[in-house]
Each structure stands twice: as C-alpha cells, then as structure tokens.
Amino acid sequence: MTTAYRTCPLCEATCGLEITIEGDSVKRIRGDQLDVFSRGFICPKGSTLGDLRDDPDRLRSPRSRRGNDWVQISWDEAFGEIDQRLQAIIRRHGPDAVAVYLGNPNVHTVAGGLYVKPLLKALGTRNIYTASTVDQIPKHVSAGLMFGKAGTIPVPDIDRTGYLLMLGADPWVSNGSLATAPDFPGRIKELQDRGGRLVVVDPRRSRTAREADRHIPIRPGTDALFLMAIVHVLFRDGLVDGAFRNPLFNGINDVEEAAAGFSPSAVSGATGVPATTIEEVAHEFASAPAAAAYGRVGTHTVEFGTLASWLVDVINALTGNLDRPGGAMFSRPAVARRRSGPGGRGFALGRWTSRVRKLPEVIGELPVATLADEIATPGDGQIRALVTIAGNPVLSTPDTERLDRALASLELMVSVDPYINATTRHADYLLPPPPALESPHYDFAFYGLSVRNVANYSPPLFAPKSPPEWEIILRLTAIAGGYGAGTPIEAADGFLIDAAIQRDVANPASPVFGLDPGEIKAKLGGDPGPERMLDFLLRTGPYGEGVSDSGLSLAKLLDHPHGIDLGPLEPAFPDILATPSGRVELAPPEILADLDRLELLRDTAPGPDLKLVGRRQLRSNNSWMHNVAILMKPASHHSRLLINPADAARLGIESGVSVRVRNEVGAVAAVADVSDEVMEGVVSLPHGWGHNRDGVQMAVAVANAGPNYNTLVDSRRMDPLSGNAVLNGIDVVVEPVGQSGGAEHLDDLGTVVETQAAK
Ligand SMILES: Nc1nc2c(c(=O)[nH]1)N[C@H]1C(S)=C(S)[C@@H](COP(=O)(O)OP(=O)(O)OC[C@H]3O[C@@H](n4cnc5c(=O)[nH]c(N)nc54)[C@H](O)[C@@H]3O)O[C@H]1N2
Ligand SMILES: Nc1nc2c(c(=O)[nH]1)N[C@H]1C(S)=C(S)[C@@H](COP(=O)(O)OP(=O)(O)OC[C@H]3O[C@@H](n4cnc5c(=O)[nH]c(N)nc54)[C@H](O)[C@@H]3O)O[C@H]1N2
Ligand code: SF4
Ligand SMILES: [Mo]
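This is a predicted model, so every value here is computed, not measured. (Residues numbered from 1 in each chain as written. Chains lettered and ligands numbered in written order. Predicted model: local features only at pLDDT ≥ 70, side-chain atom pairs only at ≥ 80, totals over all residues. Heavy atoms only, no water.)

1. Notes on the environment of valine 584
As for its placement among the helices and strands, valine 584 is situated in strand S22 (residues 584–585). Take valine 584: its relative accessible area is 0%, and that puts it in the buried class. C-alpha separation for the pair valine 584 and phenylalanine 573, spaced 11 residues apart in sequence, amounts to 9.1 Å. Not counting residues up to four positions away in its chain, the partners in contact with valine 584 are Met146, Phe147, Leu248, Phe249, Asn250, Phe573 and Leu577. (Helix = DSSP H or I, 4+ residues; strand = E, 2+ residues; numbered from the N terminus. Buried < 20%, exposed > 50% of the residue type's maximum accessible area, 1.4 Å probe, protein only. Contact = heavy atoms within 4.5 Å.)

2. Concerning the sheet that holds strand S15 (residues 385–389)
In space, the 7 strands of this open sheet follow the order S5-S4-S17-S16-S15-S6-S7, with mixed pairing throughout. Lying at the two open borders of the sheet, with one neighbouring strand each, are strand S5 (69–72) and strand S7 (128–130). Neighbour-to-neighbour, the strand axes of the sheet open up by a mean angle of 20 degrees, direction not taken into account. The pairing of strand S4 (residues 63–66) with strand S17 (residues 429–431) spans 2 bridges and is classified as antiparallel. If you follow serine 64 over to S17, its bridge partner there is tyrosine 429. Those strands touched by helix H2 (residues 75–93) are S4, strand S6 (98–102), S15, strand S16 (412–416) and S17, and its axis lies near 125 degrees from that of S17. Running over the sheet, helix H18 (residues 469–480) touches S15, S16 and S17 and is turned about 155 degrees from S16. (Pairing = 2+ DSSP bridges. Axes fitted to C-alpha atoms, helices over the stretch in contact; angles between N-to-C directions.)

3. Describing the site of ligand 3
In the vicinity of ligand 3, the contacting residues are Cys8, Leu10, Cys11, Ala13, Thr14, Cys15, Ile42, Cys43, Lys45, Gly46 and Asn175. In the shell around ligand 3, the residues fall into 7 nonpolar, 3 polar and 1 charged. (Near = heavy atom within 4 Å. Nonpolar A, V, L, I, M, F, W, Y, C, P; charged D, E, K, R; others polar.)

4. Topic: the site of ligand 2
Within the structure, ligand 2 sits among 30 residues, and Asp202, Gly221, Asp223, Ser620 and Asn622 are positioned closest to it. Within the side chain of serine 174, an N or O atom sits 2.7 Å from an oxygen atom of ligand 2. Taking 930 Å² as the accessible area of ligand 2 by itself, protein coverage stands at 98%. Considered class by class, the residues forming the shell around ligand 2 number 10 nonpolar, 12 polar and 8 charged. (Polar contact = N/O pair within 3.5 Å; in protein donor to acceptor, adjacent residues only side chain to side chain. Areas by Shrake-Rupley, 256 points an atom, 1.4 Å probe, with all protein chains shown as cover.)

5. Remarks on the confidence of the model for the protein
Detailed reading of predicted coordinates is not advised where the pLDDT is low. When pLDDT is averaged across the protein, the result is 95; 97% of the residues are at 70 or more. pLDDT under 50 marks residues 740–759. Its contacts with residues more than four places away, or in other chains, come to 39 contacts. (pLDDT = per-residue confidence, 0-100.)

Given below as structure tokens:
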C-alpha cells in the first residue's frame, strides 16, 4: 500500500486528495488534511475517481462508427482516416465548415489548458462553440469592458470579508464557481463566526440560502433590477465611498444617471423584493467594514446576464470594496504572462458574426445556442464537420431535440471523450483520453479565480494505458494544420515550446527577456509535453525567476505534494488594468446601450406562466458522472420538480405524482415535489439528465435517465451582449399527467413525452 496526494480535477474547488493505492488499484480516497488550500475537505464526487477509472463503460481505445455499429480501431488507423476525411471537407468547403465544441472538463485538464488553443488556431475556423455560452460568458464581457481583459475577473475575498451578498449561486452544493474556495461552506462558517453576514438572493431556498443570515427570494431573471436599485440607493443616500472618487475610475456620473430611474419602489413589482429590503441591503453593504457582492449561474444564464454581472462589480466599486482586502479582489496565479504597467488595447465585441442569425462573436466564440442553425441551414459556410472535446451539448445546451437531429446530419463528427453518451453517439470517431488518475493535473484556469494564491501540480498517479489527452489533441492539431497524421509528437510539441519561448524573450516584462532561447530550453525540467511547458510558464510567471532556480518551478511543485501557498490576495490596481485608459471603465457604452431593455423589464407585468429554474445536486456533475453507481442514490432524486404549495393546489398537483412540464419548445416528464423551497410562481429541475437515448452506452446513467431540462430551453432567447442562453426563468406549463387529453404515453419517468419536432 502506498499513499499519494493529488488535486481533484472534477470541479473548481481544487481539493487536495489523499489516495491509498495497492498495485494498480485505488483502495481509498480521502481529503488531504495537509493540503495548503483545502485542509482536508472533500465532497462525495472526489472519492469516486477510482470508480471513474474502473468504469467498464469507459472506452479504453478508439472506436469508429460503421452505420449503427462501433468498431474498435487502432490509434494510427483512427488518425489516418480522420486526416483524410477532415482535409477533404476543408479543401471542398473551407475552414469554417469545421466546427468545434469544447465542453466544461476542458478547463479541468492540462490538455484543455495548454493544447486546445493551438488546435483552434490550426483549424482557423470561426465556428468555435463552448459551454461558456450556457454558463459564465456574461462575466467575461463585463470584465472585459470594465478592466480591459475578459479573464480579469474579481473574486469575493471570502476569508476576510464581513458581508457577502451572493446572488444565484449555491456553493454548499456546487462548491463554488468563478471563486475557487475549497470548503466554501467552512469558509462561510468562519465568516459568520467572526461576526460577518451572508445574504443570499435566490428564487429557491437553496442549501446555501438555508445557512445564510438572510435569504431574499427574487423573481427569476430580475437580479439586474435588484442590483440597479442598490446602486440607486448608494447614490441617493450618500453611501458612495468618498475615497472611491479617485482618478482610477471612469464613468461614475454616467452610472449615477443610469440608476436614476431604478428606485427600490420602481423595481419592487418586477423583482418581487420589497423596497425596504433593497434599502436595508444597500445600507448594510455600504456600512460593513468590508463587503463583497458575488453572482453566479443564476445571474448569468438569464436575459440580463451581462447587466447583472456588471452591476455586481459596480456595487463593489462604488462602496470602495473593489480591489481591497475583504472585498472583491484579483488572484495572482503562478502561471500568467507578465505585464508592464496599466493600459492596453481593451476589449472588443462582435468582431465577426454568425452566418445564419448574425449573432456577434464574443471572446472568439459564437453562442452555442446557434450551433444547430449553423449545421442545419444550407449555404456557403455551412458546418459539415464537428469536433467535440469533453462536451455533451445534446444534454447541456438549448433546444436539445433540434441539436440532436442536426448532429445526425453531419458529414463527419470526431469526439475526444471517454463515453458513448447522448452527444458522442453521433460521432464517426471516438478518441478516448485516459482517466484523470492517469493524467497530470494543474489548474491553469482556477488558480486565476482563486480566493488565495496557490499552486499545486499532480503528476499522473498511474502510467496511462493509452495516449495522453494532450497527445490526442496535438495529433489532431497536426492534422488540422495540414502536417499529416504521421507528424511526430516530439516535433509538434517542440514547435509549441519554441514558440512560447520566442514570445517571452521578446517581452520586456519577462524574466527571460533577451536571453538565448536555446539556453532557456535546456534549463527546463519535466518530461516534454505539458510538464515542460508548465515549468516554462512557472519560471516566467509572477513568482518565477526565469532560468534561475530560486523562483517557482516545476521542481519546487514536485517537492510540495500538498501545494504551495502563495499568500492572500493583494491589491492589483492599476497594473492589472488593460483598458486603453488604464482605468476601470464603470460605464462602458455597450452596457449603457442595453439599459432600454432593463426599463422594459421594470415596467412589464410578469406573465401568467410558471418560471422554470435550475439547481445543482451534490452527487452530480453536469451531465457526465451519472455512470458512477454510488453517486446515483437516492434513486430518481433528479426527476423531482419542486413546486410551491400554492401553485400545486391551484393545479391539483400533489407530491409524488407524475407531471408534464411543457412549453412551445418541448416537453418532459417529472415527479412533483410540493415544497415551499421554491417561491410561488417558480418551479425547479436540475439539468444534465436525459440519458435514455438510442445508442447511449452508459448502463448506470441510462437506468437513472431523468428528464432533460434543456429540451425546454428556447435557442432563440439569449443575453444579447454576451450570447449566453437563457436557461433560468423560462416559461413553462405544468400539468398532472393524463390531464392534457393528449395521446402521450408515459412509462418511464424522465422520458421525453412530446416535442415539437417539426420546427
Ligand atoms: N439548463 C441548464 N443547462 C446547463 C446548465 C444549467 O445550469 N442549466 N449549466 C451549464 C454549465 S454551467 C455547463 S459548464 C455546461 C456543461 O456542459 P458540457 O460541457 O457540454 O457537458 P458536461 O456535462 O460537462 O460533459 C462533459 C463531457 O466531457 C466528458 N469528459 C469527462 N472527463 C473528460 C476528460 O478528462 N477529457 C475529455 N476529453 N472528456 C471528458 C464526459 O464524458 C462528457 O461527455 O452545462 C450547461 N447547461
Ligand atoms: N455538485 C455539483 N457541483 C458542481 C456542478 C454540478 O453539476 N454538480 N457543476 C459545476 C459547474 S460547471 C458550475 S458552472 C458551477 C455552478 O455553481 P453555482 O453558480 O453555485 O450554480 P447552482 O448550484 O446551479 O446555483 C444557481 C442558483 O441560482 C438560482 N437561480 C436560478 N435563477 C435565478 C435568478 O434569476 N436569480 C437568482 N438570484 N438566482 C437564480 C438557482 O435556484 C440556484 O440555487 O457548479 C459546479 N459544481
Ligand atoms: S468539491 Fe470539487 S474539487 Fe473538491 S472533492 Fe468535490 S469535486 Fe473534487
Ligand atoms: Mo459550468
């Protein structure tokens, strides 16, 4: 028996794990008490990494589809055939005929962190889609416009704050998002123990809301109004921080003017939040010694996602809490390109548009809600081939029935994925990566969104039994770039490291500026591939000393299996600002131009339909860990539609009865759970379910299929600034099964009982 330590790659919390192994198998996984960041915390998912590795349905070798059958083929055969077919499509139709969909685990793998960008560049396509447009892209837009870079996202300094205003997030269940804080619940307890307060704004009394000092139910999709009214009160009642009126902030008068028409009483009808509550929150927030506002999925995946995201940071700024300890601060990750001083080119939106619906590009991608349009609509630039990497859009993105049909019509689909699931069953080639425990790990994304500065590297725990994911993607890159399937990996990888070194020796802010590239390369440790690249990035990052070994390096991380704590967050202004002015733009014109819509929301009476919102579940991870039997208990918890007692009584619905949830997009079956956990007028279902489709080869998941939330989501509705789909607050009708007079047959809970296929 031996013990190893590594970081859990499953969610954003980056928990340290203590793993006991015997021979080639995992005996036990616990939280690592010595981890510098997570201090022993673990959730039920973290202990199942061994189950994921042992899962008999996980593919161990490539598959190619011949009609309805899958054949096992060799890696060389797979890449050779993909090369021929992909190049033929590019030659005939140009690079835009090939689309890419990148799913969530790409931000959790080293392959996604280091190797996907070169693939996209080699493909040269504008048809890039990711899970970001069903998630957090509004935050990138507001951050880009305010701070100059889409990745410059402030996080709540929860370890030092005295007041946390949280909207549309449930970290007791999700373990936090765009705020990496392992043991989020423990950190909130500490906040409360030191006399601080947690206020949660959510249409549902979530697990987090139950632990909060105050829960404010809000009508779905109206957070921007609530936040605007707080801004209104800050100005009206003289609560704007005096020290804040400094030259670092542009646009304060425009913000005051914008908020003028949004008094608490003006928004109270639309939000369902009493005016006095809004006033109290504004005063408490402004008078706290340090306070942070933080919004997540419930505020982003709505029609006003960018406005809400912007207002969160406006409130932080106006109260003097932006970039100060205990407020909203910026991480300083160990892997980041060094910059010299404030100012930059700023952030541009809509540099190109989608072909069919003319939707603007945002951070180089198009809204995934329009992927089906681009596949199904004939004409120049139509998508003919799709590469998916770690994604399951048939369960995760809007109007899934339509997307499902569109994927079936592709000339070529290649999926880098370990499972044959709702999406990848359409693939012509399946390229499975090794499981997490056979892969190296470093959190390139999440140490940049972390509430403390931390670095931790985990080498593979077991030798991979098939090519590592970074090699798979690198071979696809060579194919996409026209170098051929036979390109040696060492040559392709050498090209990438050489290019990275060349860029840095030309950067005056880099510790290797002006040095000889050969000397730098010779100095790098680790195996070629992601380890060597990580060493280079650490050495040239904010804690590195270039070719000197005195700074941070791969070797240092290997010496510290419990991680290295790089300290609490520190003020980062003005150097971090990359706007052309070198200041914070509080009132970007793109955002002000969107306020007409907000006025309309303020002045429109809510319609009669129920509003459907999502929720996450502790023992689930989006759509993809449902084949782990131990996590699938209690049975059918995922089919429960929460409905308020008043609505249930009106509709004649009792707990435990089967109901049909429908709207003009589709219909699903669920089981009613009558509960005042949701406010009146709101119903709640989790997402990521609906595995019972022909050809899915995930036995446990199919047995726990559940309803597919996104069958009900309209692909036409989005936050116009960011292109994020509207997943929360969508109109639905709920009725007991059998009452609609339709001919639907319901023998399996969670089965799609009716969809409007003829669109
Ligand atoms: N209605 C509604 N819809 C939502 C949401 C919601 O709140 N409500 N949330 C949205 C959000 S926040 C997200 S992030 C998306 C997620 O949407 P997606 O990213 O499309 O889907 P996931 O469920 O994360 O699926 C991950 C896929 O990656 C595969 N996979 C797992 N590990 C690896 C790996 O190491 N390498 C590779 N190559 N593949 C791997 C899995 O088999 C699976 O196919 O869903 C979104 N959809
Ligand atoms: N266990 C588990 N953990 C996960 C995941 C998982 O699937 N399972 N997924 C991971 C991913 S990819 C992400 S992005 C994160 C997301 O992490 P969170 O952002 O914490 O996401 P949720 O738990 O979905 O919480 C969203 C909350 O918003 C509320 N809500 C819905 N509509 C509105 C609204 O209009 N206004 C307000 N104020 N609230 C609203 C919902 O009721 C819900 O409580 O979780 C990650 N962690
Ligand atoms: S909270 Fe997230 S990182 Fe921590 S053990 Fe659970 S899944 Fe892994
Ligand atoms: Mo997400």
